Amino acid sequence: MNIRRAEPKDLTKIQQCNLHNLPENYHMRFWAYSFITWPEISFLAEDSSGRVVGYVLSSIEPDEEYPWLQVGHVNSLSVLRTYRRLGLAKRLMLLSKKAMIESYNIEYIQLHVRKSNRAAFTLYSEKLGFKIHRKEVGYYGDGEDAFSMRIVLKPRSLDLYTLGNGQSQTGL
């Protein structure tokens, strides 16, 4: 098993993995834009024949409430069923997290997960330390709700933006 940074030449193979596993699919233009704009923060796992068996696609964006703050966003994570429970998703996520921290001045990393996806929710919450930020009703195209989850990397930085009553304006 080889895990490495994803490159634009991998787009078709990554999209095949995405189409095989997930009901939500990004347009090729979004994938290409992500790889060109943030080349160091997306990774893939490939088997000995070079087939992509998992990937993480990440981006950097401004915080919703404080647009001068940069945050990481995991747009898509997928591992083919026959390669699950081997720790690949966790390894891909940790590589992306490390790259986001080293390459950008991010405050936190966020992602969305289907409310019904217990395996992914467990990975994010129990193994990677993400917390529920809020529930987003009808987030997915089929109407299913999502949990917006975050892992705060700089809690003191976000504490600078709290209200007088001690509650964070970001909901953390």
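Structure first, text after, so check above.
Remember, it's a predicted structure, so these values are computed and weren't measured experimentally.

Throughout the structure, instances matching the rule amount to five aromatic pairs. Taken together, a centroid distance of 5.4 Å and an interplanar angle of 65 degrees make the contact between Tyr 66 and Trp 68 edge-to-face. Across the ring face of Tyr 140, the terminal group of Arg 114 is positioned such that the distance to the ring centre comes to 4.3 Å.

What holds strands together in a sheet is hydrogen bonding between their backbones, with the strands either parallel or antiparallel. Ordered in space as 1-2-3-4-5-7-6, the seven strands form an open sheet in which the pairing is mixed. A single partner strand is all that each edge strand has here, and the edge strands are strand 1 (2-5) and strand 6 (131-136). Here the strands of the sheet are splayed against their neighbours by 20 degrees on average, with no regard to which way each runs. By the bridge criterion, five bridges tie strand 6 to strand 7 (residues 146-152) in an arrangement that is antiparallel.

It is the rolling of a water-molecule-sized probe over the atoms that shows where space remains empty. Tallied over the full model, the rule gives one cavity of 30 Å³ or more. For the largest cavity, the calculated volume is near 80 Å³. Considering the residues around the largest cavity, the lining is formed by Val 74, Met 93, Leu 94, Ser 96, Lys 97, Met 100, Ile 109, Leu 128, Phe 130 and Ile 151. In terms of residues, the lining of the largest cavity owes the most to one element, helix 3 (residues 88-103), which gives five residues. The class makeup of the residues in the lining of the largest cavity is eight nonpolar, one polar and one charged.

Per the stated rule, a full pass over the model turns up 10 salt bridges. The residue Asp 142 makes a salt bridge to Arg 114 at a minimum N-O spacing of 3.1 Å. Here the residue Asp 142 occupies a position in the loop between strand 6 and strand 7, and Arg 114 occupies one in strand 5 (residues 106-114), the gap between them amounting to 28 residues. Owing to a relative accessible area of 55%, Asp 142 belongs among the exposed residues under this scheme. Owing to a relative accessible area of 12%, Arg 114 belongs among the buried residues under this scheme. Ionic contacts of the salt-bridge type, sharing partners, join the residues Arg 4, Lys 9, Asp 10 and Glu 46 into one network.

Here the focus is the environment of Pro 62. Within the fold, Pro 62 resides in strand 3 (residues 52-62). The exposure class of Pro 62 is partly exposed, given its relative accessible area of 46%. Linking Pro 62 and Glu 107, residues 45 residues apart in sequence, is a C-alpha distance of 9.9 Å. Those residues in contact with Pro 62, other than ones at most four positions away along the chain, are Pro 67, Leu 69, Gln 70 and Val 71.

A few words now on the side chain of Arg 4. Positionally, Arg 4 belongs in strand 1. Judged by its relative accessible area of 19%, Arg 4 falls in the buried class.

Our focus in this paragraph is the environment of Leu 92. By the secondary structure assignment, Leu 92 is in helix 3. Overall, Leu 92 belongs to the buried group, its relative accessible area being 0%. For the pair Leu 92 and Ala 45, spaced 47 residues apart in the sequence, the C-alpha separation amounts to 7.7 Å. When sequence neighbours within four positions are dropped, the list of residues in contact with Leu 92 reads Ile 3, Phe 43, Leu 44, Ala 45, Gly 54, Tyr 55, Val 56, Leu 77 and Val 79.

About the cut-offs
- Residues numbered from 1 in each chain as written.
- Predicted model: local features only at pLDDT ≥ 70, side-chain atom pairs only at ≥ 80, totals over all residues.
- Heavy atoms only, no water.
- Phe/Tyr/Trp six-rings, centres within 6.5 Å; stacked < 30°, edge-to-face > 60°.
- Lys NZ or Arg CZ within 6 Å of the ring centre and 35° of its normal.
- Pairing = 2+ DSSP bridges.
- Helix = DSSP H or I, 4+ residues; strand = E, 2+ residues; numbered from the N terminus.
- Axes fitted to C-alpha atoms, helices over the stretch in contact; angles between N-to-C directions.
- 1 Å grid on protein atoms, 1.4 Å probe; cavity = no way out; pocket = protein on both sides within 12 Å on 5 of 7 lines; lining within 4 Å.
- Points joined across faces, edges and corners; volume = space filled by probe spheres on them.
- Nonpolar A, V, L, I, M, F, W, Y, C, P; charged D, E, K, R; others polar.
- Salt bridge = Lys/Arg side-chain N within 4 Å of Asp/Glu carboxyl O.
- Buried < 20%, exposed > 50% of the residue type's maximum accessible area, 1.4 Å probe, protein only.
- Contact = heavy atoms within 4.5 Å.

Taken by themselves, the reported measurements are silent on function.
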